[in-house]
Amino acid sequence: MYGDKVRIVWKHFPLDFHPKAPMAHLATAAAAEQGKFWPMHDKIFGAQDKMDRAQYEQYAKDLGLDLKRFKESLDTAHGKAVIDADIAEAKSVGVTGTPAFFVNGRFLSGAKPFNEFAAVINAELQKQNIPIPPAAQQALAAPGGGAPGK
Amino acid sequence: MSRQNLKEGPPVRRGSGMTWIEMGTLAGLAAVLALGADTWRETRSLQKTVTDRMSALETRLTQVATKVDTIGSRPAQQAQRGPDPNKVYAIKTEGAPFEGPKAAPVTIAEFSDFQ
């Protein structure tokens, strides 16, 4: 809808009470080292009933990653520093749950309907005198839309 | 035979003997009265203690109820905490995986997990 106007940046925030989360985050970090973060992310996200290391190694194979390098990364928990830094940053700004979004630094909790996102994104575009894509305007005009603070 | 024995029974003293019985009865009555008064006084002080305790208990109960109310309303307050929606945070994006053009006018940083 926003085409080239929006960039989405991933920040790791495994919640304490999700025992399988750390390995999943390490696996995506290991894939990121080989430029395949999002494909790995999509595979893990798409099958949350199959979350274990063997499964991630299979994904790595499927994605054509260097499996030896991938395994080494997991063995040494290579991505841990990045993940821990993200967790520390999340906590420092007061994030307690997932997903949590910051649109150009403005906080939106994940429980918000789409049009609230659109409202914040549109406001950011307007600030920079960038025209709002017609599709985004239509989404806001739809029933239940109502952008707060024009 | 035995009847006669009973009738004669223990020797009963007349005259001054009656006065002793009366005196004994009087003494007994006085003792009962004194005991009664004592009991009444004790009951009074006990009542006072109970009343005092009750009011102390009520005070404590009110305190506890206030505490429970405070704790009960806390989760709602916590849910409202977290990042300030009116603030602009500088979220580090360098080196983090991203989708979309690097120079996009809008950057959405997503803190997320997999479970």
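Let me sum up the structure you'll find in this document. (Residues numbered from 1 in each chain as written. Chains lettered and ligands numbered in written order. Predicted model: local features only at pLDDT ≥ 70, side-chain atom pairs only at ≥ 80, totals over all residues. Heavy atoms only, no water.)

A look at the nonpolar core
If you look at the biggest cluster of nonpolar residues, it comprises 34 residues, and the most contacted ones within it are Met40, Ile44, Tyr56, Phe70 and Phe102 of chain A. Broken down by secondary-structure element, the contributors of at least two residues to this core are helix H1 (21-32), helix H2 (37-46), helix H3 (53-62), helix H4 (67-75), helix H5 (80-92) and strand S2 (100-103) of chain A together with strand S2 (106-112) of chain B. With five residues, the top contributor of residues to this core is H1 of chain A. Three or more residues apiece are contributed to this core by two domains, here domain 1 (21-92) and domain 2 (99-141) of chain A. Among residues more than four places away in sequence, those in contact with Ile44 of chain A are Ala24, Ala27, Thr28, Met51, Tyr56 and Tyr59 of chain A together with Phe114 of chain B. Listed in part, the 15 residues of the second largest apolar core include Phe101, Val120, Ile121 and Leu125 of chain A. (Core = buried A, V, L, I, M, F, W, Y, C linked by side-chain atoms within 4.5 Å. Buried < 20%, exposed > 50% of the residue type's maximum accessible area, 1.4 Å probe, protein only. Helix = DSSP H or I, 4+ residues; strand = E, 2+ residues; numbered from the N terminus. Domains from an automatic or database assignment. Contact = heavy atoms within 4.5 Å.)

Things to note about the pairing of S2 of chain B
Within a regular strand, side chains alternate between the sheet's two faces. Counting buried residues along S2 of chain B, seven of its seven residues qualify, which places the element largely inside the surrounding structure. Residues Val106, Ile108, Glu110 and Ser112 of chain B of S2 of chain B are buried on one face, and the alternating residues Thr107, Ala109 and Phe111 of chain B, pointing to the opposite face, are buried as well. Where strand S1 (residues 6-12) of chain A and S2 of chain B come together, seven bridges link them in parallel fashion. Residue His12 of chain A lies in a different strand from S2 of chain B, and its bridge partner there is Ser112 of chain B. Summarising the sheet, S2 of chain A and S2 of chain B pair through four bridges and their orientation is antiparallel. When the sheet's bridge partners are listed, Phe101 of chain A is paired in S2 of chain B with Glu110 of chain B. (Pairing = 2+ DSSP bridges.)

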